[in-house]
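# Residue-level structure breakdown
Each chain, written out:
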Amino acid sequence: MNRIRINSTEGKSLLVLGGTVNDIVPLLPGRGLFIITDTNVSRLYGNSFPVGEVLIVEAGERSKTMETVEGLCRKLLEAGADRSSFILGFGGGVVCDIAGMVASVYMRGVRHAFVSTTLLSQVDASIGGKTGVNLGEYKNIIGTFRQPEFVLCDHSMLRTLPEEEFRSGLGELFKHGIIRDRNLFFDISASAEILAERDPAVLGDLILRAVRIKAAVVRRDPLEKGPRRILNFGHTFGHVLETYHRIPHGLAVAQGMLIAAELSVWKGEMPHAELRLLQVALENAGMIGGYPLPSGVVSMIARDKKSESGSVNFVLLSSVGKAVIRKLSITGLQEFVNYYTEKDSQSQQ
Ligand SMILES: NC(=O)c1ccc[n+]([C@@H]2O[C@H](COP(=O)([O-])OP(=O)(O)OC[C@H]3O[C@@H](n4cnc5c(N)ncnc54)[C@H](O)[C@@H]3O)[C@@H](O)[C@H]2O)c1
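## Remarks on the overall build of the chain
Along the chain, the regular secondary structure elements total 14 helices and 12 strands. For the chain, the C-alpha radius of gyration of 20 Å lies close to 20 Å, the compact-globule estimate for 349 residues. On the principal axes, the C-alpha backbone points of the chain span a range of 60 × 40 × 40 Å. Counting every position in the chain, which comprises 349 residues, the buried fraction comes to 45%. If you take every contact in the chain between residues at least 6 apart in sequence, the share linking residues at least 24 apart comes to 68%.

## A few points about the nonpolar core
Residues Ile36, Ile98 and Val102 are the most contacted members of the largest nonpolar core, which totals 98 residues. When residues of this core are sorted by domain, at least three fall in each of domain 1 (2–161) and domain 2 (233–348).

## Considering the sheet that holds strand E4 (residues 53–57)
Sheet architecture is open: 7 strands sit in the order E1-E2-E9-E6-E5-E3-E4, paired in mixed fashion. The open sheet has two edge strands with one neighbour each: strand E1 (2–8) and E4. For this sheet, the mean inter-axis angle between neighbouring strands, taken without regard to orientation, is 15°. One ladder, built from 6 bridges, connects strand E5 (residues 86–91) with strand E6 (residues 111–116); its direction is parallel. Residue Gly89 lies in a different strand from E6, and its bridge partner there is Phe114. Across the sheet, helix H4 (residues 93–105) lies against strand E3 (33–38), E4, E5 and E6, angled at about 170° from E5, the strand it touches most.

## Quick look at the domain arrangement of the chain
According to the domain assignment, the chain consists of domain 1 (2–161) and domain 2 (233–348). If you average the C-alpha positions of domain 1 and of domain 2, the two centres end up 30 Å apart. In this complex, domain 1 contributes 6 residues to the contact, which on the side of domain 2 involves 7 residues. With 3 residues, strand E8 (residues 138–142) is the largest single contributor of residues to the side of domain 1 that touches domain 2. In terms of residue class, the side of domain 1 that touches domain 2 is built from 3 nonpolar, 1 polar and 2 charged.

## Structural notes on the environment of Glu193
Within the secondary structure layout, Glu193 lies in helix H8 (residues 192–196). Distance in space between the C-alpha atoms of Glu193 and Asn284 is 9.4 Å, their sequence separation being 91 residues.

## Points about the packing of helix H6 (residues 163–180) against helix H11 (residues 249–266)
The N-to-C vectors of H6 and H11 enclose an angle of 40°; their axes lie 6 Å apart at closest approach. Classed by the angle they form, the pair H6 and H11 counts as oblique. In terms of crossing hand, the pair formed by H6 and H11 is left-handed. Every residue of H11 that contacts H6 at Arg167, Ser168, Gly169, Leu170, Gly171, Glu172, Phe174, Lys175 and Ile178 is listed here: His249, Gly250, Leu251, Val253, Ala254 and Met257. Each residue belonging to the contact of H6 with H11 can be placed in one class, and the counts come to 7 nonpolar, 5 polar and 3 charged.

## Quick word on the site of the ligand
Inspection of the region around the ligand gives 31 residues, with Asn40, Gly92, Gly93, Val94 and Thr118 positioned closest. Among the elements of the structure, helix H2 (39–45), H4, helix H5 (119–125), E8 and H6 are those that each provide at least two residues to the shell around the ligand. The residue makeup of the shell around the ligand, split by class, is 10 nonpolar, 13 polar and 8 charged.

## Comments concerning the packing of H11 against helix H14 (residues 330–348)
When two helices pack together, their arrangement is captured by the angle between the axes and the distance separating the axes. Interaxial distance between H11 and H14 falls to 11 Å at its minimum, and their mutual angle equals 115°. Between H11 and H14, the crossing angle belongs to the class labelled roughly perpendicular. For H11 against H14, the interelement crossing comes out right-handed. The residues of H14 that touch H11, namely those facing Ile259, Glu262, Leu263 and Trp266, are Phe336, Tyr339 and Tyr340.

## Section: helix H3 (residues 66–78)
Along an α-helix, a turn takes 3.6 residues, which lines up residues three or four apart on a common side. Taking 1.5 Å of rise per residue, the 13 residues of H3 would be expected to cover 18 Å, and the 18 Å separating its terminal C-alpha atoms lies within 8% of that figure. Regarding H3, the residues found buried are Val69, Leu72 and Leu76. Buried positions in H3, seen along its axis, are confined to an arc of 65° and lie on one side of it. Exposed residues on H3 whose side chains face more than 90 degrees from its buried face are Glu67, Glu70, Arg74, Leu77 and Glu78. Where H3 is buried, its residues touch E3, E4, H4 and strand E7 (133–135).

Reading guide: rules and limits
- Residues numbered from 1 in each chain as written.
- Predicted model: local features only at pLDDT ≥ 70, side-chain atom pairs only at ≥ 80, totals over all residues.
- Helix = DSSP H or I, 4+ residues; strand = E, 2+ residues; numbered from the N terminus.
- Rg over C-alpha atoms; globule rule 2.2 N^0.38 Å.
- Buried ≥ 20, exposed ≤ 12 C-beta atoms within 10 Å, placed from the backbone.
- Contact = placed C-beta atoms within 7 Å.
- Core = buried A, V, L, I, M, F, W, Y, C linked by C-beta atoms within 7 Å.
- Domains from an automatic or database assignment.
- Pairing = 2+ DSSP bridges.
- Axes fitted to C-alpha atoms, helices over the stretch in contact; angles between N-to-C directions.
- Nonpolar A, V, L, I, M, F, W, Y, C, P; charged D, E, K, R; others polar.
- Parallel < 35°, antiparallel > 145°, perpendicular 65-115°, else oblique.
- Left-handed = near helix turned anticlockwise from the far one by under 90°.
- Near = placed C-beta within 6 Å.
- Expected span 1.5 Å × (residues − 1).
- Arc of directions from axis to C-beta.

Structure (structure tokens):
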């Protein structure tokens, strides 16, 4: 078991990697515990829940709405939750985003923590204190920053993940190597077959290395004012593809990372050979499908939260293992999208 601490100006968080629910019971309050989970996780892991009131939301991205947050707040109120109550989000990224949001707004904020049950949430979504829900087709437009007191990642729970969700998590795992650690990228690529067996020890080592990267970035910039933006690599196009094609988050991010890598080459930031390296690794890991960009993608991006007065902060690569942040005009972005869409449609023929 490994413990990582995030001590930042915005609060403290303890990450417990490779433990089990028993390891976090001493960190929970004796009473006033409310567990927020989803329909699948409660069915699979309900027996492992600590003693507390259980609130269940429908599994899936569609639950990430203000209506869900409001409904949960109402249930908390009816069940007598007060400012001393404690919320434990028990699930994947969707549950963590919703439970974190509820914890940060209910009675102006109550204590909270997560048991993180998907690969994607163990490497990314449960860590760092970003909460959020979607507004129509716009992802995570409403949200807050609030660090969970602790996050437990029990890697043995990843065995029950459906194949597509596991591969989705690989997308975010890869991302950490691609933006910050070339060796991690190569090690994930080399482990693709072993990873498929979901051995908790092999997974645990790679997850630990990715989480260390995320923790270091969050410690430096907890409110995403600057350097933390590199964690959004692949997300600008990824969010559009996720919403438009209704594909799992990490698969959309993987595709978004490839498009952002193409953009990096187009802008002269990265040599073409690095793009090929990325393409081959993601293809071998089974993560690339033919998901074309929808028309109007640039105006969707411009309205997305990353747009500021006619330009977008874009995370590009200078090589695999090194992300850089660049400001890009919306006009420049449109030129690239025209180029990319043309090239993409030719390669599909
Ligand atoms: N807050 C952040 O910093 C952050 C970062 C990255 C992604 N996210 C968000 O995370 C969400 C995606 O998270 P996700 O991929 O975990 O999706 P998810 O929470 O929807 O989980 C995927 C599916 O797996 C099921 N599941 C969960 N744990 C399981 C287990 N152990 N065994 C079997 N099934 C299980 C769920 O019920 C669901 O059907 C997106 O909404 C994304 O925006 C947030």
